Amino acid sequence: DQSYQGQQARSWCSKTKEEIRGGHMSTERVGQRLSIDLFGTLDKHQNLMQEFLSKVKASGIRVYIITGAFNTFANQRLQELNFREKIHYDLIISVPSYLINHNVSFVHTAADKHVCDERIWWPAKAQICKDLKIAVHLDSDYRYRQGFEGTKSRFIYIAETALAGIEELVLKSDKKEMKHV
C-alpha cells in the first residue's frame, strides 16, 4: 500500500532530520556511536544488554537501535522489554522505512511482511551506519555484514552462544557478590 509506505518512510528513525542534523549529533566523531540490532540481539539477552547499554550510554557514547521492523513495532517491543530511551538508547532506526525513504520498492506479502530485493536489504544497515557515522554495529544476523567492507564502521557478529556464555558469567558473578554482602 503506497500511502502506508509513504507514512512509514517519513519516520525512518525516531527523531526528525533536524534533530539528527542539529545539536551535538552532527559534530560527534565516528568513535562516539554504537548501533545494535533489536530482534535476535537485544531481545534474546535482555538483562545483559540493558546493563551493557546503560554503561555505554553513561560513558557518553550514543546508542542507536537499527531494526528490520518499522519504528512503531520496534518502540512497542522495546517498551515490553523495558529498554528506555535516554537510559539504554538514543535513537531507533527502521531499515524498511529508511529504504522506502530512499525510493526502494517493497512488496506486501500474504504473511503480512514487507520485502524488497535482498541485494538492497542486507547491506542497508551498513549504509545507515555510514550515513550516521556509527563506529560499531552489533548484530546476531551475519548477513547484515554485507556492505561494511570499505567503510569506517565495523560489524561485530554476536553469536547467540557467545552471549549466552557471557550472560551466564555475569549472573554467576552477581550471585557471588550477593553472597558476600
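Preceding this paragraph is the structure being described.
Residues numbered from 1 in each chain as written. Predicted model: local features only at pLDDT ≥ 70, side-chain atom pairs only at ≥ 80, totals over all residues. Heavy atoms only, no water.

Asks: Can you help me understand the overall build of the protein in this one?
Replies: Counting its secondary structure elements, the protein contains 9 helices and 7 strands. Contacts in the protein between residues far apart in sequence, at least 24 positions, make up 66% of those at least 6 positions apart. Counting every atom, the protein has about 10400 Å² of accessible surface; 52% of that belongs to carbon and sulfur. (Helix = DSSP H or I, 4+ residues; strand = E, 2+ residues; numbered from the N terminus. Contact = heavy atoms within 4.5 Å. Areas by Shrake-Rupley, 256 points an atom, 1.4 Å probe, with all protein chains shown as cover.)

Asks: How should the side chain of Ser35 be read in this particular structure?
Replies: Along the polypeptide, Ser35 turns up in strand E1 (residues 33-37). Ser35 sits in the buried class, given a relative accessible area of 0%. (Buried < 20%, exposed > 50% of the residue type's maximum accessible area, 1.4 Å probe, protein only.)

Asks: Looking at this structure, I do not really get the pairing of strand E3 (residues 91-94). What am I missing?
Replies: Of the two faces of E3, the one lined by Leu91 and Ile93 and the one lined by Ile92 and Ser94 are each fully buried. Pairing geometry for strand E2 (residues 62-67) and E3, over 4 bridges, is parallel. In the sheet register, Tyr64 faces E3, and the bridge partner there is Leu91. Taking the sense of rotation as the criterion, the β-α-β connection linking E2, helix H5 (residues 71-80) and E3 turns out right-handed. (Pairing = 2+ DSSP bridges. Right-handed = clockwise from strand over helix to strand, strands pointing away.)

Asks: What should I look at first to understand the environment of Ala126 in this one?
Replies: Structurally, Ala126 can be placed in helix H8 (residues 124-131). Residues Ala126 and His137 lie 11 residues apart in sequence; the distance between their C-alpha atoms is 8.3 Å. Ignoring anything within four residues of it in the chain, the contact list for Ala126 reads Gln146, Gly147 and Phe148.

Asks: Hey, could you run me through the side chain of Ser153 in this one?
Replies: On the secondary structure map, Ser153 appears in the loop between strand E6 (136-139) and strand E7 (154-157). You can call Ser153 buried: its relative accessible area is 7%. A polar atom in the side chain of Ser153 sits 2.4 Å from the backbone oxygen of Ile134. Among all residues touching Ser153, those that are not within four sequence positions of it are Cys129, Lys130, Ile134, Ala135 and Phe148. (Polar contact = N/O pair within 3.5 Å; in protein donor to acceptor, adjacent residues only side chain to side chain.)

Asks: Just to check I follow, could you spell out the nonpolar core for this structure?
Replies: Soluble globular proteins: nonpolar side chains tend toward being buried together. Grouped together as the largest cluster of nonpolar side chains are 23 residues, with contacts concentrated most on Ile66, Ile93, Val95, Leu99, Phe106, Trp121 and Ile128. Those elements that place two or more of their residues in this core are E2, E3, helix H6 (95-101) and H8. For Ile128, the contacting residues outside a window of four places in its chain are Ile66, Ile93, Val95 and Tyr98. With 17 residues, the next largest nonpolar core counts Met49, Val56, Ile65 and Ile158 among its residues. (Core = buried A, V, L, I, M, F, W, Y, C linked by side-chain atoms within 4.5 Å.)

Asks: Looking at this model, I keep getting lost on H5. Mind explaining?
Replies: Spacing of three or four residues puts side chains on the same side of an α-helix, whose turn is 3.6 residues. Taken together, the buried positions of H5 are occupied by Asn71, Ala74 and Leu78. The arc that holds every buried residue of H5, seen down its axis, measures 65 degrees, which confines them to one face. With respect to the buried face of H5, the exposed residues turned more than 90 degrees away are Thr72 and Gln79. Just past H5, the residue Asn82 takes up positive phi, approximately 70 degrees. (Arc of directions from axis to C-beta.)

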